[in-house]
Structure formats: C-alpha cells, structure tokens
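Descriptive analysis of the structure
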Amino acid sequence: PMAASLHQILFVGFGLSVVSGILLAPNQPIDQVWDKACRVPDSDFLDGERVWSPRPHETMDIHTLPASFFWGDINGTNYLTLSRNQHIPAYCGSCWAMATTSSLADRIKIARKAKHPEIVLAPQVLINCKGGGSCFGGNPAAAYSYIAKHGIPDETCQNYEAVNGKCAPYGVCETCEPGEPPQPLQPGTCSPVLNYTRYYVAEHGFARGGAGG
C-alpha cells in the first residue's frame, strides 16, 4: 500500500485542562463533569513520545509570535479542512478522534498548499480499531500513537458512522455497491479494500504553547 509520512506535534496547554469543551481548574475533580466528557483528563502517548526534531518552542522566540494568526485566512486562502460534528448521524463521544484526524488533515492541507482534492482522514477507523478510545470517549495522544504505528486512511475508505464498529478488514477500508430498489442510496454488498493509501505520523510529542508555559 502507498503511504504518506507526516510530522505532527501535539500541543498541550498548561494550567488548565480541556475536557469536551469544558475548562477545568487545575485541582477540580474530573468526576464533577465526567458524564459530559469525551476524552480522558490526562492524555498521554501509549509508547511515549516520538520526537527527533527540535520542538517548536526550542527553535523560535515565542515572544515574537504575532498577536493573532488564523490558518483559515492566509491572504485569502483557507488552509483548514472542514468543520465536523461528532454527533451526526448519532450521539458519539468521539471528540478525541475528531480532533486528532482533523488536526492531521489540516497539516496535510498546509503541506499541500491547499491543493485539491482536500484529504479528510477517517476518525471512524480509530473508533473501530480502538485506536485510542470509542464512542464513550478516548485519549487523543493514544490516537497519535496508533496512527504512527498503523497509519490511517482517508474518509473515502471509511465513512463516519458514529458507532462502535469492528476493525479489520471491513472497519478500516471498504467499498459497497449501491443498494437495491427501493433503497438505492443504502449500501448494498460490501467488500474490504486491501490496497489503499495510509497516512502516518512521523513524530509526536508535547510542546509549550504560550509565553508563560
């Protein structure tokens, strides 16, 4: 199978934790909001960091960074991929998978200088293959570890279903014939695809994200 290698650094904040869009004070018990969370409170890589290059905060003076910067509008060009809703078509606590695949897809789009077609990675594969969690929540750092080891296809291989599915062979990459009347838009006979493009993470680790961090 073809493979594309990417560099990805996971940026983490300091002083506050973010859980499913909820800001927690440093000492606030997680069980106070865990019923609303879709990611673990302490995210870490399964096999440790994979960092060989200098980290961003080691090669730049963060005090010289601009006050604002938006990849969605760089001289009129949008380098960000589409915004997604983890709860469509059904409720699913997959923010950990959505965030990971979207950040990597953005990195791909930036590296490709916003060329078409836009590559959207498949969060459903992470859910199906337990690559960091499930629809009951997960660990975004573990998702990077999974992608570094196994790679991940784009969404033309595996559409997002918002369910806890099964992994290989159908749960990674499959193709389906159209359904029979009266439901031609429903999947018909499906078969696994064994030769497909995988995208990998070359490096992942923690980096400082602010002047005071």
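Model, not experiment: these values are computed from the prediction. (Residues numbered from 1 in each chain as written. Predicted model: local features only at pLDDT ≥ 70, side-chain atom pairs only at ≥ 80, totals over all residues. Heavy atoms only, no water.)

**A word on the state of the cysteines**
- One pass over the full model with this rule turns up 5 disulfides.
- With its sulfur 1.7 Å from that of its partner, Cys38 forms a disulfide with Cys95. Where Cys38 bonds to Cys95 through sulfur, the torsion about that S-S bond is close to 110°, and the disulfide is right-handed. Residue Cys38 is located in the loop between β4 (22-24) and α1 (56-59), and its partner Cys95 is located in helix α2 (residues 95-111); the two are separated by 57 residues in the primary sequence.
- Its relative accessible area of 3% is what places Cys38 among the buried residues. (Disulfide = S-S within 2.5 Å. Helix = DSSP H or I, 4+ residues; strand = E, 2+ residues; numbered from the N terminus. Buried < 20%, exposed > 50% of the residue type's maximum accessible area, 1.4 Å probe, protein only.)

**So, helix α4 (residues 140-150)**
- With 9 of its 11 residues buried, α4 lies for the most part within the structure.
- Of the positions making up α4, those classed as buried are Pro140, Ala141, Ala142, Ala143, Tyr144, Ser145, Tyr146, Ile147 and Ala148.
- If you check the start of α4, you find a side-chain oxygen 3.0 Å away from the backbone N of Ala141, and it comes from Asn139.
- Gly151 occupies a position one or two residues after α4 and carries a positive phi of about 75°. (Polar contact = N/O pair within 3.5 Å; in protein donor to acceptor, adjacent residues only side chain to side chain.)

**As for empty space enclosed by the protein**
- Taken as a whole and assessed by the stated rule, the structure comprises 1 cavity of 30 Å³ or more.
- Here the largest cavity defines a volume of roughly 40 Å³.
- What lines the largest cavity is simply Thr81, Leu82, Arg84, Thr101, Ser102, Ala105, Val120 and Leu121.
- For the lining of the largest cavity, a count of residues per class yields 4 nonpolar, 3 polar and 1 charged. (1 Å grid on protein atoms, 1.4 Å probe; cavity = no way out; pocket = protein on both sides within 12 Å on 5 of 7 lines; lining within 4 Å. Points joined across faces, edges and corners; volume = space filled by probe spheres on them. Nonpolar A, V, L, I, M, F, W, Y, C, P; charged D, E, K, R; others polar.)

**Observations concerning the nonpolar core**
- Core analysis: the largest hydrophobic core is formed by 31 residues, its most contacted members being Leu121, Val125, Leu126, Ile127, Ile147 and Ile152.
- Only α2, α3 (123-128), α4 and β9 (198-201) provide two or more residues apiece to this core.
- Leu121 has contacts with Arg84, Thr101, Leu104, Ala105, Ile108, Ile152, Pro153, Asp154, Glu155 and Tyr199, leaving out every residue within four places of it along the chain. (Core = buried A, V, L, I, M, F, W, Y, C linked by side-chain atoms within 4.5 Å. Contact = heavy atoms within 4.5 Å.)

None of this, on its own, says anything about what the molecule does.
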